[in-house]
Amino acid sequence: MLEFISRMLGRESASSKSVAKERLRLVLVHDRASISPAMLNKLREDLVKVISNYMEIDEAALEFNLCQDDREVALVANIPVVKMKRDYSAKGQDLNS
Amino acid sequence: MGEVIVVTSGKGGVGKTTTSANIGTGLANNGHKVVLVDTDIGLRNLDVVLGLENRIVYDLVDVTSGNCRLKQALIKDKRFTNLFLLPAAQTKDKTAVNPEQMKTLCQELKEEFDYAIIDCPAGIEQGFRNAIAGADRAVVVCTPEVSAVRDADRIIGLLEASELRNPKLIINRLRPAMVKRGDMMDISDILDILAIELIGVVPEDESIVVSTNRGEPAVMDLGSQAGEAYRRITKRIQGEEVPLMNLEVPKGLMDRLKKLIGLG
C-alpha cells in the first residue's frame, strides 16, 4: 500500500536525466576521441617499445587504429609476432629499474 | 590594466548575450569601468538587450577597419556613466574582422577599461576565433540539456587548445522542480561531465523575458531570482567568494502531506 502511494507521488519513476547522462557519456567519448595524428603516432611508438621488450614484432606489418562505431570507441591493434623473447622476465625488470 | 573576458558556449540560444549584458551591467554597478563588445557580426543583439539600439552610429567593423576611432564607436549606457557598448556590424559578415585585429582592439580596450566583456557568436568558426583572440579569461554558458552540454565540451577543448586555460562554467536556465523529479540534469551531473570549475547557476526565470522586453538587464532588478544569480556571478568574477543561491523548490501541499504520512 505504502509502495503504491509512493509511486503515485512520483517516486521511483525512471528518470530521463539518467538517460541524458548515459547518452552524453557515449557521445562525448566519440567527440573526444578525435585525437591528433601526432598523439596517435606517439602512442604507437610507445606501444611498440613496450611490446618489443617481450617479443619481436613485425613493425612494418603493424596495424594501429582508433575505431568508432555507434556503441563504442576502441583502440584496435594488429601486431604480428615474429619471435618470442626467452629472457622476457629480465627485460621486464629492466623496465622498472 | 584591465581584463578581457569572453562569454561563449558553442550552441546558440543558451543565453550568451543575456549573460554578457548582466555581467557587464553588474560590474558597472559595482563601480568598475566596463565595455561590452558584441562580436556576433551580422546578428547583433547585445544592443537591444541593453536598450541601446537607437544610439548606434559606428560599429566594431568601423573600428577594426579604421573608418572611425574607438572612442567614436563606443556607446554610453543609459543608466551607468561607466558602462559602454561596442556594437557589432549588422550588414557585414564574420570575415570582416580577423583575430589579429581583435587582439589589437582588446589591447587598446584593456588600457581604457577595468573589464571588457566579449559576447561571442554561436559556432566554432571565425566568429568564435575572433571573439577569443584577445581574451584573458573565458566563461562558458551551458543549459542542462544534452545538446548544450555536448557543445560546451567541444568549446572547452577548443579554448584549452587556444591557451585559454581554466574556463569557468555558468549553468543557465536550471529548473529546480524538474531536477527534483529527475527529469533534468543537476549541477553535479554537468560538472561530472565537463570537469571545469563552476562560477554560477542561473535558474529559469520569466523576469529575463520581461527585462529583455524592456532592455534593462535583470541584474538591476532586486526582485528577480535570475538577477540575484547574476549579482553573485559578478562578485565571483571580481574574485569574491559567494555561496551558490538556494534553488530548492518551495515546499508545496503535497510535500507537507507526504511528510505527514511518513514518506517525506
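Predicted, not measured: the structure shown is a model, and the values here were computed from it. (Residues numbered from 1 in each chain as written. Chains lettered and ligands numbered in written order. Predicted model: local features only at pLDDT ≥ 70, side-chain atom pairs only at ≥ 80, totals over all residues. Heavy atoms only, no water.)

Caption draft 1: Region of interest: the overall build of chain B. A count of helical and extended segments in chain B gives 12 helices and eight strands. For chain B, the residues scored as buried account for 53% of the 264 residues in total. Put simply, 74% of the contacts in chain B that link residues at least 6 apart link residues at least 24 apart. (Helix = DSSP H or I, 4+ residues; strand = E, 2+ residues; numbered from the N terminus. Buried < 20%, exposed > 50% of the residue type's maximum accessible area, 1.4 Å probe, protein only. Contact = heavy atoms within 4.5 Å.)

Caption draft 2: Region of interest: the overall build of chain A. The secondary structure content of chain A amounts to four helices and four strands. For chain A, buried positions account for 14% of its 97 residues. A sequence separation of at least 24 residues applies to 52% of the contacts in chain A between residues at least 6 apart. Split by element, the accessible area of chain A, about 7,500 Å² in all, is 54% carbon and sulfur. (Areas by Shrake-Rupley, 256 points an atom, 1.4 Å probe, with all protein chains shown as cover.)

Caption draft 3: Up close: the UniProt feature "binding site: ATP" (unreviewed entry) in chain B. Residue and element names in this part refer to chain B. Taken from the UniProt record, the annotation "binding site: ATP" (unreviewed entry) applies to Lys 11, Gly 12, Gly 13, Val 14, Gly 15, Lys 16, Thr 17 and Thr 18. From the list above, the largest pocket is lined by Gly 12, Gly 13, Val 14, Gly 15, Lys 16, Thr 17 and Thr 18. Among the secondary structure elements, Lys 11 is positioned in the loop between strand E1 (3–8) and helix H1 (16–29). Not counting residues up to four positions away in its chain, the partners in contact with Lys 11 are Lys 16, Ala 122, Ser 147, Ala 148 and Asp 151. (UniProt positions renumbered as here; feature names shortened; annotations may be inferred. 1 Å grid on protein atoms, 1.4 Å probe; cavity = no way out; pocket = protein on both sides within 12 Å on 5 of 7 lines; lining within 4 Å.)

Caption draft 4: Inspection of the sheet that holds E1 of chain B at higher detail. Residue and element names in this part refer to chain B. If you walk across this open sheet you meet the eight strands as E3-E4-E2-E5-E1-E6-E7-E8, and the pairing is mixed. What marks the edges here is a single partner per strand, and that holds for strand E3 (75–76) and strand E8 (197–203). Bridge count between E1 and strand E5 (residues 115–119): five bridges; the pairing is parallel. The partner of Val 4 across the bridge, within E5, is Ala 116. Contacting strand E6 (137–142), strand E7 (168–174) and E8, helix H9 (residues 187–194) crosses the sheet at an angle of about 145° to E7. (Pairing = 2+ DSSP bridges. Axes fitted to C-alpha atoms, helices over the stretch in contact; angles between N-to-C directions.)

Caption draft 5: Spatial organisation of the pattern of salt bridges. Applying the stated criterion to the full structure yields 22 salt bridges over all chains. Across the salt bridge formed by Asp 189 of chain B and Lys 17 of chain A, the nearest N and O atoms sit 3.0 Å from each other. On the criterion of chain membership, the pair formed by Asp 189 of chain B in helix H9 and Lys 17 of chain A in helix H2 (residues 16–32) is interchain, its members lying in two chains. The residue Arg 137 of chain B makes a salt bridge to Glu 3 of chain B at a minimum N-O spacing of 2.7 Å. (Salt bridge = Lys/Arg side-chain N within 4 Å of Asp/Glu carboxyl O.)

Caption draft 6: Quick peek at the environment of Leu 27 of chain B. Residues and elements named next belong to chain B. If you trace the backbone, Leu 27 turns up in helix H1. Owing to a relative accessible area of 0%, Leu 27 belongs among the buried residues under this scheme. In this structure the C-alpha to C-alpha distance between Leu 27 and Thr 234, which are 207 residues apart in sequence, comes to 6.1 Å. Each residue touching Leu 27, except ones within four places of it in the same chain, is listed here: His 32, Val 34, Tyr 115, Ile 117, Thr 234, Ile 237 and Gln 238.

Caption draft 7: Up close: helix H5 (residues 99–112) of chain B. All names here are of chain B. With 14 residues, H5 extends 20 Å between its outermost C-alpha atoms, agreeing within 8% with the 20 Å of an ideal straight helix rising 1.5 Å per residue. Listed in full, the buried residues belonging to H5 are Met 102, Leu 105, Cys 106, Leu 109 and Lys 110. End-on, the buried residues of H5 take up no more than an arc of 140°, which puts them together on one face. Of the exposed residues in H5, the ones pointing more than 90 degrees away from its buried face are Glu 100, Thr 104 and Glu 111. Between a side-chain oxygen at the N-terminus of H5 and the backbone nitrogen of Glu 100 the separation is 3.1 Å; the capping residue is Asn 98. (Expected span 1.5 Å × (residues − 1). Arc of directions from axis to C-beta. Polar contact = N/O pair within 3.5 Å; in protein donor to acceptor, adjacent residues only side chain to side chain.)

Caption draft 8: Seen up close, the packing of helix H7 (residues 146–161) of chain B against H9 of chain B. All names here are of chain B. Contact pair H7 / H9: the axes reach a minimum separation of 10 Å and the direction vectors enclose 40°. Judged by the sense of rotation from one axis to the other, the crossing of H7 with H9 is right-handed. Packed against H7, whose contacting residues are Val 149, Ala 152, Asp 153 and Ile 156, the element H9 presents Ile 190, Ile 193 and Leu 194 at the interface. Its residues assigned to classes, the contact of H7 with H9 shows six nonpolar, no polar and one charged. (Left-handed = near helix turned anticlockwise from the far one by under 90°. Nonpolar A, V, L, I, M, F, W, Y, C, P; charged D, E, K, R; others polar.)

Caption draft 9: Just the layout of surface pockets, in detail. Computed from the structure, the largest pocket encloses a volume of approximately 470 Å³. The wall of the largest pocket is formed by 26 residues, among which Gly 13, Gly 15, Lys 16, Thr 17 and Thr 18 of chain B lie closest to the centre. (Points joined across faces, edges and corners; volume = space filled by probe spheres on them.)

Caption draft 10: Fine view of a nonpolar patch on the surface. A cluster of nonpolar side chains, Leu 257, Leu 260 and Ile 261 of chain B, forms an exposed patch at the surface whose accessible area comes to about 330 Å². Residue classification places Ile 261 of chain B among the partly exposed positions, given a relative accessible area of 46%. (Patch = residues over 30% accessible without salt bridge, like charges linked within 9 Å, V, L, I, M, F, W, Y side chains within 5 Å.)

Caption draft 11: Expanded view of unusual backbone geometry. Residues and elements named next belong to chain B. The phi dihedral of Asn 166 falls on the positive side, at around 50°, and the residue is not glycine. Locating Asn 166 in the fold gives a position in the loop between H7 and E7. Phi is positive for Ala 195, close to 50°, though the residue is something other than glycine. Within the secondary structure layout, Ala 195 lies in the loop between H9 and E8. The exposure class of Ala 195 is exposed, given its relative accessible area of 64%.

Caption draft 12: Focus on the packing of aromatic side chains. All names here are of chain B. Inspection of the entire model under this criterion finds one aromatic pair over all chains. Ring centres of Phe 84 and Phe 113 lie 5.7 Å apart, and the angle between their planes is 65°; on these two criteria the pair is classed as edge-to-face. Here Phe 84 is found in strand E4 (residues 83–86), whereas its partner Phe 113 is found in the loop between H5 and E5, with 29 residues between them in sequence. Considered together, Phe 84 and Phe 113 belong to a single accessibility category, that of buried residues. Lying over the aromatic face of Phe 113, Lys 33 brings its terminal NZ or CZ to 5.1 Å of the ring centre. (Phe/Tyr/Trp six-rings, centres within 6.5 Å; stacked < 30°, edge-to-face > 60°. Lys NZ or Arg CZ within 6 Å of the ring centre and 35° of its normal.)

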